[in-house]
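# Structure at a glance
Letter by letter, the chains look like this.
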Amino acid sequence: MTALLRSRRWLLWGALLALVVALLVVLVFLAAEYEQQRDQTALEADANGVASDIRSGLLRNVQTLQSLHSVAPSAGAWDAPAAELLDSHREIVRLEWRDPQLRPLAQRDTPFMAQPFGQLDRSQALPDVQQACENARRLSGPAYSPSYFWPLADGLGMELIEMCLPVVRGGSTSGFLVATYSLPGILSELTTKELLRGRGLAFTEPDGTRLALHSSVGGVRRTLVGTSLLDLPGHTLMLRLESPRAVYALFPNVLTAVVGVLSLALLAVLGLLAHDIRRRQQAEHELADALAFRKAMEDSLVTGLRARGMDGRITYVNPAFCQMVGYSAEQLIGSGFPAPWWPPELVDEYQQRQAVRLAGRDLPREGWESVFQRSDGTRFPVLIIEAPLIDAQGVQTGWMSAILDLTEQRRVEELNRASQDRLQATARLATVGEMASLLSHELNQPLAAISSYATGTLNLLDGPASELQPHELHQAMRRIGEQAERAGRVIKSVADFVRRREQVREPVAPQGLFDAIAPLLGLQAKKLGIRVQTEIAPGLPAVQCDRTMVEQVLLNLARNGMQAMPDGDPPARSGQRVLRLSARLARPWTDSERAPRKAWVEFAVTDHGQGLADEVRDKLFTPFFTTKAEGMGLGLSLCRTVVEQHGGALVHEAAQPRGTTFRFTLPVA
């Protein structure tokens with residue numbers, strides 16, 4: 001009995017001990033997890049702080065760059081203050097002042113790096129500059145391009161990003177200030193050194209690929225990682241902050257320190273609770289500052305912002321939207337349907353659209369166009385982009401809308417449409433003139449031959465019957481038939497060419513383009529003693545084009561090339577009376593190694609004439625300028641317009657040993 005009680009007592013103590021040990025293990029585990037979470041939270045907060053420091057530093061740089069043009073209004077006075085600015089900002093690799101067409105007016109490189117653009121020409125980064133300046137023009141403020149890798153000497157390189165700032169004078173943009181930032185320089189110069197001591201800092205891609213490294217955590221197997229998004233106008237970068245993770249050890253004598261550990265644990269929990277409350281208050285203050293900064297950003301936007309609740313009532317509007325519709329925020333917040341900016345005749349249609357949205361059926365994320373009415377009754381077109389408004393718990397609380405005023409865009413589109421109509425009318429007139437000239441020129445030779453054979457036949461018939469040879473009469477009549485068929489083929493080719501005027505753009509093989517104009521070129525080439533040579537690269541892909549218009553371009557360039565080689569110049573014995581038509585794949589441009597651009601096919605027409613004089617070369621594409629007595633002066637102008645409408649370019653250059661080469665590009669289908 002006693003042994004049984006003792007055994008039960010030991011079992012009870014064992015169970016109690018196991019419970020205490022389990023409790024301590026849980027407490028240690030929870031404490032370790034809390035410390036890890038706290039360190040992770042602190043690291044995330046530090047990462048956000050670093051991102052905020054970089055964002056503030058870039059904003060200060062924008063303000064400094066804006067003041068640069070107030071002290072240096074001309075390109076001559078710009079260099080000295082730009083050099084002084086680069087001396088104090090190591091993160092900026094290059095400063096450029098460009099005109100509205102992005103042509104450089106003045107530039108200055110950083111003194112801390114020898115020839116940063118010595119390996120490649122600066123024009124290789126022009127697409128990134130154009131993208132940043134286009135965003136800056138649209139936002140009326142600073143804009144950033146995506147980052148790109150730039151090679152340096154000795155096989156090195158660095159990641160760069162372009163910042164474009166409009167230069168506004170007299171209320172209009174008179175140029176752009178382009179600042180080229182080094183991502184390693186931004187990490188080094190715009191961050192707090194004390195905050196980064198013993199930590200790693202880098203810019204990365206969303207998939208973890210490292211773009212720029214400032215420091216790393218070496219020799220530590222366990223690290224904590226905090227990330228933060230650096231939102232910049234036009235581009236977003238991901239900031240990665242690494243910190244060594246501390247390794248905790250259990251107390252060695254758990255049984256003898258249960259009471260002390262529990263007491264210390266209670267005090268530690270109370271201390272951590274107080275510390276957490278202080279951190280929470282600090283986080284609330286930081287959140288209030290962040291909200292104030294976000295509110296200032298929203299108020300400075302030119303895009304209208306509008307938030308609605310699930311019942312359709314407006315809960316938020318920014319000043320740009322109020323200015324757009326002509327109502328104050330007090331008049332709009334809380335209002336429902338029908339909205340005060342709806343045109344009266346469209347109220348029913350808009351009501352149905354709102355009913356669809358409130359029923360839970362999402363509208364297209366790419367947006368839709370609509371018409372609003374200002375408080376003074378004027379109408380204006382808008383683009384509405386709307387998305388569900390989701391709270392922190394993942395619950396939809398309403399709808400958020402971005403509204404863009406399309407008035408200026410519509411005006412530009414109308415001007416472009418009118419210009420296109422005028423161009424099409426001019427093109428039709430020029431085509432009619434070209435076809436008439438072509439028919440009169442190409443039918444001359446077969447008609448003259450028919451007349452000659454008919455006269456000879458009449459002479460045979462009028463002569464003595466004894467001298468009449470049937471085979472000669474048969475041969476003359478057969479020649480007349482051949483020349484008549486030849487004239488018919490010319491007319492049919494021209495008619496087919498005209499009938500295809502209304503075709504849309506389609507994939508066309510380069511060989512098909514050359515074959516289509518071959519009959520129209522053959523007659524004139526034979527008459528002038530010119531050999532037409534066609535060269536097409538093997539495996540050349542089809543091009544996306546308006547077949548008829550491109551055939552007209554090739555025909556005009558080829559006929560001009562033959563007219564540049566009149567009879568005897570160059571002499572036939574020289575072997576240079578050759579018109580060469582060629583097509584090959586142009587080398588594609590690349591923004592970087594990861595982003596290839598669209599491929600292009602290059603067409604070339606080369607003659608061996610006397611070449612172009614300087615005064616002719618300067619006016620070559622001017623409408624109604626011609627060196628021919630019977631010319632209209634529209635051929636080359638229309639050729640360049642057609643090529644540019646396809647996205648390509650038409651250029652000319654001197655050929656060797658003599659003559660001229662015209663080249664143009666078309667996009668691969």
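Residues numbered from 1 in each chain as written. Predicted model: local features only at pLDDT ≥ 70, side-chain atom pairs only at ≥ 80, totals over all residues. Heavy atoms only, no water.

### So, the packing of helix H13 (residues 547-563) against helix H15 (residues 635-645)
Interaxial distance between H13 and H15 falls to 10 Å at its minimum, and their mutual angle equals 140°. The two elements H13 and H15 cross, and the hand of that crossing is left-handed. Where H13 approaches H15, its residues Met549, Val553, Asn556, Leu557 and Asn560 are matched on the opposing element by Gly635, Leu636, Cys639, Val642 and Val643. (Axes fitted to C-alpha atoms, helices over the stretch in contact; angles between N-to-C directions. Helix = DSSP H or I, 4+ residues; strand = E, 2+ residues; numbered from the N terminus. Left-handed = near helix turned anticlockwise from the far one by under 90°. Contact = heavy atoms within 4.5 Å.)

### A look at the sheet that holds strand S9 (residues 223-232)
In spatial order, the strands read S8-S7-S10-S9; together these 4 strands make up an open sheet with antiparallel pairing. Of all the strands in the sheet, just strand S8 (210-215) and S9 have a single pairing partner and so form its edges. Averaged over all adjacent pairs, the angle separating strand axes in this sheet is 20°, with direction ignored. Sheet topology note: the strand S7 (residues 200-204)/strand S10 (residues 235-244) ladder contains 5 bridges and is antiparallel. (Pairing = 2+ DSSP bridges.)

### Considering the confidence of the model for the protein chain
When pLDDT is averaged across the protein chain, the result is 78; 78% of the residues are at 70 or more. Overall, residues 248-257 carries pLDDT values under 50, and its contacts beyond four positions in sequence, including any with other chains, amount to 6 contacts. Confidence drops under a pLDDT of 50 for residues 589-596, and excluding neighbours within four residues, the segment shows 8 contacts in the predicted structure. (pLDDT = per-residue confidence, 0-100.)

### What about the state of the cysteines?
Here the structure, examined in full by the defined rule, presents 1 disulfide. Shown here is the disulfide that connects Cys133 with Cys164, its sulfur atoms set 2.2 Å apart. Between Cys133 and Cys164 the sulfur-sulfur dihedral comes to about 100°; the bridge is accordingly right-handed. Of this pair, Cys133 sits in helix H3 (residues 126-139) while Cys164 sits in strand S5 (residues 157-169), and the two are 31 residues apart along the sequence. Looking at Cys164, the relative accessible area reads 1%, which means it is buried. (Disulfide = S-S within 2.5 Å. Buried < 20%, exposed > 50% of the residue type's maximum accessible area, 1.4 Å probe, protein only.)

### Notes on the nonpolar core
Core analysis: the largest hydrophobic core is formed by 41 residues, its most contacted members being Ile54, Trp78, Leu95, Tyr181, Ile186 and Phe203. By residue number, the principal contributor to this core is helix H1 (residues 2-71), which donates 9 residues. When neighbours within four sequence positions are excluded, Ile54 is seen to be in contact with Ile186, Leu187, Leu190, Thr191, Phe203, Leu230 and Leu239. Counting 38 residues, the second largest nonpolar core, distinct from the first, contains Ile517, Leu579, Leu581 and Phe603. (Core = buried A, V, L, I, M, F, W, Y, C linked by side-chain atoms within 4.5 Å.)

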